[in-house]
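Tertiary structure, described
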Amino acid sequence: MDIFLQQVINGLVQGSLYALVALGYTMVYGIIELVNFAHGEVVMVGALVGLSVIERMAARGDTGWGVIAIGVLVAIPSCMALGLGIERIAYRPLRKAPRLAPLISAIGVSIALQQLAALIWGRNYLHYPDVLANPQFHIGGAVITQVQLVILGITGILMLGTWVIVQKTALGRAMRASAQNPSVAGLMGVNVDRIIASTFLMGSGLAAVAGVLVGTYYGVGNHTMGFMLGLKAFTAAVLGGIGSLWGAMLGGLLLGVIENLGAGYLSSLTNGAIGSNYSDVLAFLMLIGVLIFRPSGLMGERGSEKV
Amino acid sequence: MSSFLEVRGLVVRYGGIEAVKGIDLDIHRGELVTLIGANGAGKTSTLNALAGLLKPAEGQIRFEGELLTSTPIHQLIQRGLALVPEGRGVFPRLTVEENLSMGAYTRKDKAGIRTDLDQIFHSFPRLFERKHQKAGTLSGGEQQMLAIGRALMGKPKLLLLDEPSMGLAPLMVQTIFSVIRRVASEGMTVFLVEQNARLALQAAQRAYVMEGGVIRFNASAEECLNDPRVRSAYLGEES
Ligand SMILES: Nc1ncnc2c1ncn2[C@@H]1O[C@H](COP(=O)(O)OP(=O)(O)OP(=O)(O)O)[C@@H](O)[C@H]1O
Ligand SMILES: [Mg+2]
């Protein structure tokens, strides 16, 4: 078996999920310079709402991708409503406050959502029911599963779609204009509050898809799953250059690949002294390294489009 | 008769500082009116209050007979007001063409937008040559053309201009002013804030002279050009 190729495949899949979540961080940051720390919890809610739907359908004997699709279709509006609510209640009233205030508010929302989820879904790990046959395909010396292929396909389409909306539509133009100069955008007739809300809407929709895909891929979820995932995706966004769409995508993929290569080789390279569970450390070390040499991230500020 | 734009008792404050101290203005349909005054006189504060960029502390602004004071900023363009802000305010990382499209953000008439875009590219060939370039890479004069073009894309009834000549080379100033003159001669109402009083008075029909947050006097542009006070204070001549 080709460990290298296998870890790259696994890394790209994991990384594309990071990227999907990272887009939400980067879009919101791009427009209001706020790190939406509650974004990971939106992903978690997406995963658990999806799980509830999928569980119910599985109990009736339904199987196949249709079940997952319905889970996604229920998760998306749930997360969108949640994202809009968070923006409205926790951030908008603080728009003119010192920058620390919305950050604290974000952390508060994050904790509140975790506890709320614990009340609804309990504190134990919940298992995503097995509704997929998930055949495997061999490429080179490695294996790729159908779930992995679907994840790569869906995230690819969503990333492209996000790019098209931001770069090619009137809404996207208004988003970029509002990010660059909100008061002049207002003069042009842009309702900046609405544009900010649509940014949260898009980010939360992507988070919902990411949540259900994460659940389907790893098979488990619980009320704390958004924390590490959010932190990793945020790392990916910073790595790529926060505010930059391509940066979020690149940062996500890169982080996923490096983590997986780390997990694959750390233990054998160090004769077991450092286990594969240190791959998280590797991810954050890489972040620190990039920030030392390129403080604005790989694609930050120059050379790419801030949302 | 109520005027096209009627301002009564406008006060603008920044914290404790009163920048505009209760001024009245009247602008009639089709006029080109200028507001001149030294640095810090309160010209930008006045204009920004008219354009909705800042909330007046006191006073009333009526446009076509309707009170504007509580209209949210993003609805003013649909009422027919456009501002070319001080320092131009182009979107630096949007292309020239995207900046111009932003000017037409609230318009739905695709064909009309297309015609107006062509018209602006015709008036400003430099913008046409650079239409795919990021606005932040343009020269100051080109950015001013872009800011004016962008405001015109909204088809305003009243165009507010804040020091369009600021920091520009004489030749560029000529170009900008010939566009302002043409727009006004085509029937658009223009309210022009300028420090370059001579140029402004030559272009305008009427002028307000502002000092320390109050209007010192208003008269026809011609009278101002001949007024000893204006000549000594704003046109750099011995009285
Ligand atoms: N954001 C602000 N905060 C506090 N004071 C301000 C602010 N903006 C303007 N001022 C003050 O208000 C007064 C009027 O300023 P304003 O910009 O309206 O003048 P201006 O006539 O446009 O001057 P200039 O010709 O330099 O553009 C000045 O004393 C200025 O210092
Ligand atoms: Mg000024």
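Refer to the preceding data block for the structure.
Overview of the structure. If you're wondering where the values come from, they're calculated on a predicted model, not measured in any experiment.

Some remarks on the overall build of chain B
- The number of helices and strands found in chain B is 10 helices and 10 strands.
- Since a compact globule built from 239 residues should have a radius of gyration of about 18 Å, the 17 Å found for chain B is in line with a globular shape.
- C-alpha extents for chain B along the principal axes are approximately 50 × 40 × 35 Å.
- Only carbon and sulfur atoms are counted for the fraction: they give 49% of the accessible area of chain B, which is about 10400 Å².

Quick look at the coordination of the magnesium ion (ligand 2)
- On the protein side, the magnesium ion (ligand 2) has T44(B) (OG1) and E86(B) (OE) as donor atoms, found 1.8 to 2.2 Å from it. Highlighted residues: T44(B) in helix α1 (residues 43–51) and E86(B) in the loop between β6 (81–84) and α3 (96–103), separated in sequence by 42 residues.

Looking at the packing of helix α9 (residues 225–240) of chain A against helix α11 (residues 279–293) of chain A
All names here are of chain A.
- Contact pair α9 / α11: the axes reach a minimum separation of 10 Å and the direction vectors enclose 30 degrees. Viewed along their axes, α9 and α11 adopt a mutual orientation that is roughly parallel. As α9 runs across α11, the sense of the crossing is left-handed. The residues of α11 that touch α9, namely those facing M228, L231, K232, T235, V238 and L239, are D280, A283, F284, M286, L287, V290 and L291.
- A breakdown of the residues in the contact of α9 with α11 according to their chemical character gives 10 nonpolar, 1 polar and 2 charged.

Regarding the packing of aromatic side chains
All names here are of chain A.
- Scanning the model with the defined rule gives 7 aromatic pairs over all chains in all.
- Ring geometry for Y91 and F200: centres 5.8 Å apart, planes at 40 degrees, overall tilted. Of this pair, Y91 sits in helix α3 (residues 65–91) while F200 sits in helix α8 (residues 192–218); the two residues are 109 residues apart in sequence, bridging distant segments of the chain. The same class applies to Y91 as to F200, namely buried.

Here we look at a nonpolar patch on the surface
- Together, I274(A), Y278(A), V281(A), L285(A), I288(A), I292(A) and F293(A) make up a nonpolar patch on the protein surface, roughly 740 Å² of accessible area in all.
- One can find L285(A) in helix α11.

Thoughts on the pairing of strand β9 (residues 206–211) of chain B
Residues and elements named next belong to chain B.
- For β9, the buried fraction is high: 5 of the 6 residues fall into the buried class.
- Pairing of strand β3 (residues 32–37) with β9, which is carried by 5 bridges, proceeds in the parallel orientation. Of the residues in β9, the one forming a bridge with G37 is M210.
- The sheet contact formed by β9 and strand β10 (residues 214–220) spans 6 bridges and is antiparallel. Within β10, the residue paired with V209 across the bridge is F217.
- Hairpin connection from β9 to β10: 2 residues lie between these consecutive antiparallel strands, with G212 at a positive phi of about 50 degrees.

Description of the site of ligand 1
Residues and elements named next belong to chain B.
- Taken together, 13 residues form the shell around ligand 1, and within it N39, K43, T44, S45 and E86 come nearest.
- For ligand 1, an oxygen atom lies 3.1 Å from a polar atom in the side chain of E163.
- Take Q195: an N or O atom from its side chain is 3.0 Å from an oxygen atom of ligand 1.
- Protein chains bury 62% of the 630 Å² of accessible surface belonging to ligand 1 in isolation.
- The greatest single-element share of the shell around ligand 1, amounting to 3 residues, is contributed by α1.
- Broken down by class, the residue content of the shell around ligand 1 amounts to 4 nonpolar, 6 polar and 3 charged.

Structural notes on helix α4 (residues 100–121) of chain A
- With 22 residues, α4(A) should cover 32 Å at 1.5 Å per step; its first-to-last C-alpha distance of 31 Å lies within 8% of that length.
- Taken together, the buried positions of α4(A) are occupied by P102(A), S105(A), A106(A), V109(A), S110(A), L113(A), Q114(A), A117(A), A118(A) and W121(A).

Side note on the nonpolar core
Residue and element names in this part refer to chain B.
- Within the largest apolar cluster, 117 residues are counted, with the highest numbers of intra-cluster contacts made by L160 and F191.
- Ignoring any residue separated from it by four or fewer positions in sequence, one finds F191 in contact with L25, I27, V33, T34, L35, L47, L50, L158, L159, L160 and L161.
- Judged by nonpolar contacts, the second largest core, of 53 residues, contains I120, A135, A147 and A200.

Examining the sheet that holds strand β7 (residues 158–162) of chain B
Residues and elements named next belong to chain B.
- Read across the sheet, 6 strands follow the order β6-β7-β8-β3-β9-β10 without closing on themselves; strand pairing throughout is mixed. A single partner strand is all that each edge strand has here, and the edge strands are β6 and β10. On average, each strand axis in the sheet is inclined to that of its neighbour by 15 degrees, with strand direction left out of account.
- Bridging between β7 and strand β8 (residues 189–194) involves 5 bridges; their strand directions are parallel. The residue bridging L158 from the neighbouring strand is T189, located in β8.

Section: the packing of helix α1 (residues 3–32) of chain A against helix α2 (residues 39–59) of chain A
Residues and elements named next belong to chain A.
- Put simply, α1 and α2 touch, their axes get as near as 10 Å, and they point 140 degrees apart. With respect to α2, the axis of α1 lies oblique. You can see that α1 and α2 cross each other, and the crossing is right-handed. For the pair α1 and α2, the contacting residues are V21, G24 and Y25 in the first and H39, G40 and V43 in the second.
- In terms of residue class, the contact of α1 with α2 is built from 3 nonpolar, 3 polar and no charged.

Remarks on the sheet that holds strand β4 (residues 58–63) of chain B
Residue and element names in this part refer to chain B.
- Pairing in this open sheet of 4 strands is antiparallel, and the strands run β2-β1-β4-β5 from one edge to the other. The two strands at the open ends of the sheet, each matched to only one other strand, are β2 (17–27) and β5 (66–67).
- Bridge analysis of strand β1 (residues 5–14) against β4 gives 5 bridges, and the strand direction is antiparallel. The partner of V7 across the bridge, within β4, is I61.
- Running over the sheet, α1 touches β1, β2 and β4 and is turned about 115 degrees from β1.

The rules we used
- Counting restarts for each chain, with residues numbered from 1 along the sequence as it is written.
- All chains are assigned letters beginning at A, and all ligands numbers beginning at 1, according to the order in which they are written.
- Per-residue local features of the predicted model are confined to residues with pLDDT of at least 70, and side-chain atom pairs are confined, for both listing and counting, to 80 or more; whole-chain, interface and lining totals are unaffected and use all residues.
- The side-chain quantities take in all heavy atoms of the structure and omit both hydrogens and water.
- Counting from the N terminus, the helices are DSSP H or I runs at least four residues long and the strands are E runs at least two residues long.
- Atoms counted for the radius of gyration: C-alpha only. Globule rule: 2.2 Å times residue count to the power 0.38.
- Every accessible area reported is derived by Shrake-Rupley at a probe size of 1.4 Å, with residue values counting cover from the shown protein chains alone.
- Water is absent from the atoms considered, so a metal site may look incomplete; donors are defined as N, O and S atoms within 2.8 Å of the metal, or 3.2 Å for Na, K and Ca.
- Every axis corresponds to a line fitted to the C-alpha atoms, with the helix fit spanning only the stretch in contact, and the corresponding angles, defined between N-to-C directions, vary from 0 to 180 degrees.
- Here roughly perpendicular refers to angles of 65 to 115 degrees, roughly parallel to angles under 35, roughly antiparallel to angles over 145, and oblique to all remaining angles.
- Here a crossing is called left-handed whenever its near helix is offset anticlockwise from the far helix by less than a right angle, and right-handed whenever the offset is clockwise.
- Whether two residues are in contact is decided by their heavy atoms, any of which lying within 4.5 Å being enough.
- We call Asp, Glu, Lys and Arg charged. Ala, Val, Leu, Ile, Met, Phe, Trp, Tyr, Cys and Pro are nonpolar, and the rest, Gly among them, are polar.
- Classification of ring pairs rests on two measures: the distance between centres of Phe, Tyr or Trp rings, Trp counted by its six-membered ring, which must be within 6.5 Å, and the angle between planes, read as stacked under 30 degrees, edge-to-face over 60 and tilted in between.
- Relative accessible area decides the class of each residue, using a 1.4 Å probe on protein chains only: under 20% of the type maximum gives buried, over 50% gives exposed, and in between gives partly exposed.
- Residues qualify for a patch when their relative accessible area is over 30% and they have no salt bridge, like charges being joined within 9 Å and the nonpolar side chains of Val, Leu, Ile, Met, Phe, Trp and Tyr within 5 Å.
- The term salt bridge refers to a pairing of a side-chain nitrogen on Lys or Arg with a carboxyl oxygen on Asp or Glu at a separation within 4 Å.
- Strands are treated as partners if at least two bridges between them are detected by DSSP.
- Think of it this way: one heavy atom of a residue within 4 Å of a molecule or strand is enough to make that residue near it.
- Any pair of nitrogen or oxygen atoms within 3.5 Å is treated as a polar contact; in protein, a donor-acceptor pairing is required on top of that, and neighbouring residues in sequence qualify only through side-chain atoms on both sides.
- Here the expected length of a helix is defined as 1.5 Å per residue gap, with one fewer gap than residues.
- Among the buried residues, those of types Ala, Val, Leu, Ile, Met, Phe, Trp, Tyr and Cys that are joined through side-chain atoms within 4.5 Å form a nonpolar core.

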